[in-house]
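Observations on chain architecture
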Amino acid sequence: MSRLPAPENPIAPPDTEVEENEDQSKSSSLEIQQPVIQKRRGVTFVSSISKDEPEVTRRELWAYYLYYNGDNGVGPNGYSLTLFQLWATAAGYDPAQGPGSSCSASSECVLPWGNGVKAVASVVLVANGVSFAVMTLIFTTIGSAADYGSFGRWLLLVITCICWGAQFASVSLTSPSRWSAAMALYMIGFISYGATLVFYAAVFPRLARNTPHSRALRARYEDGEIDREVYETEESLEKNRISNISTAHSNIGYIATLCLNLSLLIPLANNPKVNNYVIVLTNGYWVLTGIWWFIFQQPRPGPPLPKDEHYLTIGWKQIWAALKQYKKLPYTFVYIFAFFLLADGLNTTGTLVSICQNDKFSFSFLQNTYLGLAQAITSTASTFGFWYIQKYWKISTKKMFIVTNVVTILIPLWGMIGIWTNTIGYHNVWEFWFYNIVFGIFQAPYYAFSQTMMAELTPPGFDNMFFGLFGLSNRASSMIGPNVIQAIINNTGNNWMGFPFLFALCAIASIVIWFGVDIQKGRRDAVAWANNIRESQEQ
């Protein structure tokens, strides 16, 4: 998908209110403690922060950026989907003409499915829905476990290698008869890709709190040189700096990968295996840029796994325990819940637009590469542009998020208009160019700001636990949207009938975030909650 800072604390007893004053807020925001494990009523909470965490080096930070440069989604989230839909459509038939007929752009296309048939678009959405369900299982089972020892570090490596393997295996998908294998490899690649985004982003808070600038800010605040308001503003800007630069690197990698792919797509345009070669080349680029993170990442291990606990069960216990803290962390959980709906709507909208786009351009890797370049170039420029605007005028993260969020609502609204007219609504070539450019301008900063908002609302030291929940809301939430939309499309035979549901989902979720989440209060609640765990441990 898709991270945070310092101290730690067990939950106060049910009847205990957390009292917040200036001194407590100051120390709780800044002190770096030894890892704390607090067990209360059979539930273990862990803070992964240690005072011995090494300072982030320039080499380490660049390795972090380069990983995301390669993990840009061109292969597992783009080309693999196109190849899967290409072979599924080629293996399908027009239900009006019966088995043996060919599908055309203007006719419905179905595949044998169980004891009946299912529209190709529905099959693609089913694959997405199942993929997101598996992501849910991954994030809930082992998400919080990544806070212990070096498990998170090795987990990202293993998941990354699985994604690399699935992408390289795509070289074998060369005929319509292999559409089911294409579906399986797409799902494996997409699931592991989504998991890499979550566990990669969970590293972000640890890096942000250990940059030289963050440490200098903390020292100045502790010495009384700056007040809390200034410290919080500057610390938030430092988080946004790293988040925006990493997002920009993802888009730069997107551009570099697409340009590199043109070296195959243009000269080998008539080669039937050129699509397979392109996926292999795309994946090779990620391997070359991503491997450095696993070499230069400095160790920042959490505490050992508590006695009598297991990596496969501790995640469920901690997530359930964390969910029960909603009264103490109201804004954190309102944001997670609303983002669950928003991410479901946006992710499913992206898939549905991609289905329409692939149909319009006859599954052309070359045309999709040109469209991808338009999106990537505007994404890179807008990420730096939004960051400059925020830094220059000291605009809050939430306000920047709201600006990008408005466009999130308009994307499915535009598609909904296409139900009643063919003039607009993702029916024309120019609209897909317009969509990719607008998406690039507003949605790349959207991802960066949404991640920073989560970092602001995460209790310091509980990064993987709460980013596991965030990953659940960001990626795994979309097991709902695809399944609802595929049922609508399967019953109506019209891809555009899915947009009204998605528009409503995005609109409702956005309104909740706009009016129901107070970042400043939420940040202080999170710090107080984490500090209370530490104080309970000391008692």
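Note that the structure is a prediction, hence the values are computed from the model and not measured. (Residues numbered from 1 in each chain as written. Predicted model: local features only at pLDDT ≥ 70, side-chain atom pairs only at ≥ 80, totals over all residues. Heavy atoms only, no water.)

1. Points about the overall build of the protein
Note the cut-off: Secondary structure follows DSSP: runs of H or I at least 4 residues long count as helices, runs of E at least 2 residues long count as strands, and numbering of each begins at the N terminus. Think of it in three bands: residues with accessible area under 20% of the maximum for their type are buried, residues over 50% are exposed, and the middle band is partly exposed, with areas taken using a 1.4 Å probe on protein chains only. Computed with the Shrake-Rupley method and a 1.4 Å probe, the accessible areas treat only the protein chains shown as cover for residues.
Tallying secondary structure elements over the protein gives 19 helices and 4 strands in all. Classification of the 539 residues of the protein by burial places 59% in the buried group. Only carbon and sulfur atoms are counted for the fraction: they give 62% of the accessible area of the protein, which is about 20400 Å².

2. Overview of the environment of Thr 89
By the element assignment, Thr 89 lies in helix 3 (residues 75-91). Given the relative accessible area of 17%, Thr 89 is considered buried. Counting along the chain gives 14 residues from Thr 89 to Cys 103, while the straight-line C-alpha distance between them is 6.9 Å.

3. So, the packing of helix 3 against helix 4 (residues 120-142)
For clarity, the threshold we go by: Axis definition: a line fit to C-alpha positions, over the contact stretch in the case of helices; interaxial angles, taken between N-to-C directions, run 0 to 180 degrees. Relative orientations are named as follows: roughly parallel for angles under 35 degrees, roughly antiparallel for angles over 145 degrees, roughly perpendicular for angles from 65 to 115 degrees, and oblique for any other angle. When the near helix sits turned anticlockwise from the far one by under a right angle, the crossing is termed left-handed; a clockwise turn instead gives a right-handed crossing. In what follows, a contact means two residues having at least one pair of non-hydrogen atoms within 4.5 Å.
Between helix 3 and helix 4, the least distance of the axes is 10 Å, while the angle of their chain directions is 140 degrees. Judged by the angle between their axes, helix 3 and helix 4 are oblique. You can see that helix 3 and helix 4 cross each other, and the crossing is right-handed. Contacts from Leu 81, Phe 84, Gln 85, Ala 88 and Thr 89 of helix 3 reach helix 4 at Val 120, Val 123, Val 124 and Ala 127.

4. What about the packing of helix 9 (residues 228-265) against helix 15 (residues 429-457)?
What counts here: Under this grouping Gly is polar, as are all residues other than the nonpolar Ala, Val, Leu, Ile, Met, Phe, Trp, Tyr, Cys and Pro and the charged Asp, Glu, Lys and Arg.
Between helix 9 and helix 15, the shortest axis-to-axis distance is 9 Å and the interhelical angle comes to 145 degrees. Every pair of crossing elements has a handedness; the one defined by helix 9 and helix 15 is right-handed. Residues Ser 236, Lys 239, Asn 240, Ser 243, Asn 244, Thr 247 and Asn 251 of helix 9 pack against Ala 444, Ala 448, Phe 449, Gln 451, Thr 452, Ala 455 and Glu 456 of helix 15. Residues of the contact of helix 9 with helix 15, tallied by class, amount to 4 nonpolar, 8 polar and 2 charged.

5. As for a nonpolar patch on the surface
Applied cut-off: What goes into a patch is any residue over 30% in relative accessible area without a salt bridge, connected to like charges within 9 Å or, for nonpolar side chains (Val, Leu, Ile, Met, Phe, Trp, Tyr), within 5 Å. Counted as salt bridges are all cases of a side-chain nitrogen of Lys or Arg within 4 Å of a carboxyl oxygen of Asp or Glu.
On the surface, Tyr 388, Ile 389, Tyr 392 and Trp 393 cluster together into a nonpolar patch covering about 500 Å² of accessible area. In this fold, Tyr 392 is placed in helix 13 (residues 365-393). Owing to a relative accessible area of 53%, Tyr 392 belongs among the exposed residues under this scheme.

6. Structural notes on the state of the cysteines
Filter applied, for reference: Disulfides are defined as cysteine sulfur pairs within 2.5 Å.
Inspection of the entire model under this criterion finds 1 disulfide. Disulfide pairing places Cys 103 opposite Cys 109 at an S-S distance of 2.0 Å. With the S-S dihedral at roughly 75 degrees, the linkage between Cys 103 and Cys 109 falls on the right-handed side. Under the relative-accessibility criterion, Cys 109 is labelled buried at 11%.

7. Digging into the pairing of strand 3 (residues 110-113)
Applied cut-off: Two strands qualify as a pair provided that DSSP identifies no fewer than 2 bridges between them.
Both strand 3 and strand 4 (residues 116-119) contribute to a ladder of 4 bridges, which runs antiparallel. Across the sheet, Pro 112 pairs through a bridge with Val 117, a residue of strand 4. Count of turn residues in the strand 3/strand 4 antiparallel hairpin: 2 residues, of which Gly 114 carries a positive phi of about 65 degrees.

8. A word on the nonpolar core
Spelled out, the test is: In plain words, nonpolar cores are sets of buried Ala, Val, Leu, Ile, Met, Phe, Trp, Tyr and Cys residues tied together by side-chain atoms within 4.5 Å.
Residues Tyr 64, Phe 84, Phe 199, Trp 293, Tyr 335 and Phe 466 are the most contacted members of the largest nonpolar core, which totals 129 residues. Among the elements that make up this core, the one with the highest residue count is helix 6 (residues 179-201) (14 residues). Excluding residues that lie within four positions of it along the chain, Trp 293 makes contacts with Glu 60, Ala 63, Tyr 64, Tyr 67, Leu 156, Val 203 and Leu 207.

9. Focus: the confidence of the model for the protein
Threshold: Values of pLDDT, which run from 0 to 100, indicate the predictor's confidence residue by residue.
When the pLDDT values of the protein are averaged, the result is 85; 88% of them are 70 or greater. Mean pLDDT across the elements of the protein bottoms out in helix 1 (residues 22-30) (42) and peaks in helix 10 (residues 274-296) (97). Across residues 1-37, confidence stays below pLDDT 50; counting only partners more than four residues off in sequence or on other chains, it has 153 contacts. Counting interchain partners and residues more than four positions distant, the pLDDT-below-50 stretch residues 40-44 has 15 contacts.

10. A few points about unusual backbone geometry
One non-glycine residue, Ser 362, lies in the positive phi region at around 55 degrees. Within the secondary structure layout, Ser 362 lies in the loop between helix 12 (330-360) and helix 13. For Lys 394, which is not glycine, the phi dihedral falls at a positive 55 degrees. Within the fold, Lys 394 resides in the loop between helix 13 and helix 14 (397-417).

11. So, the packing of aromatic side chains
As a reminder, the rule being used: For Phe, Tyr and Trp, rings pair up if their centres lie within 6.5 Å, where Trp contributes its six-membered ring, and each pair is then called stacked (planes under 30 degrees apart), edge-to-face (over 60) or tilted (otherwise).
Enumeration over the complete set of coordinates arrives at 36 aromatic pairs. With centroids separated by 5.5 Å and ring planes inclined at 10 degrees, the aromatic side chains of Tyr 186 and Phe 190 adopt a geometry described as stacked. Of this pair, Tyr 186 and Phe 190 are both found in helix 6, 4 residues apart, which corresponds to roughly one turn of the helix. Note on Tyr 186: relative accessible area 2%, which makes it buried. Pairing Tyr 388 with Tyr 392 gives two aromatic rings, centres 5.8 Å apart and planes at 25 degrees, and the pair type is stacked.

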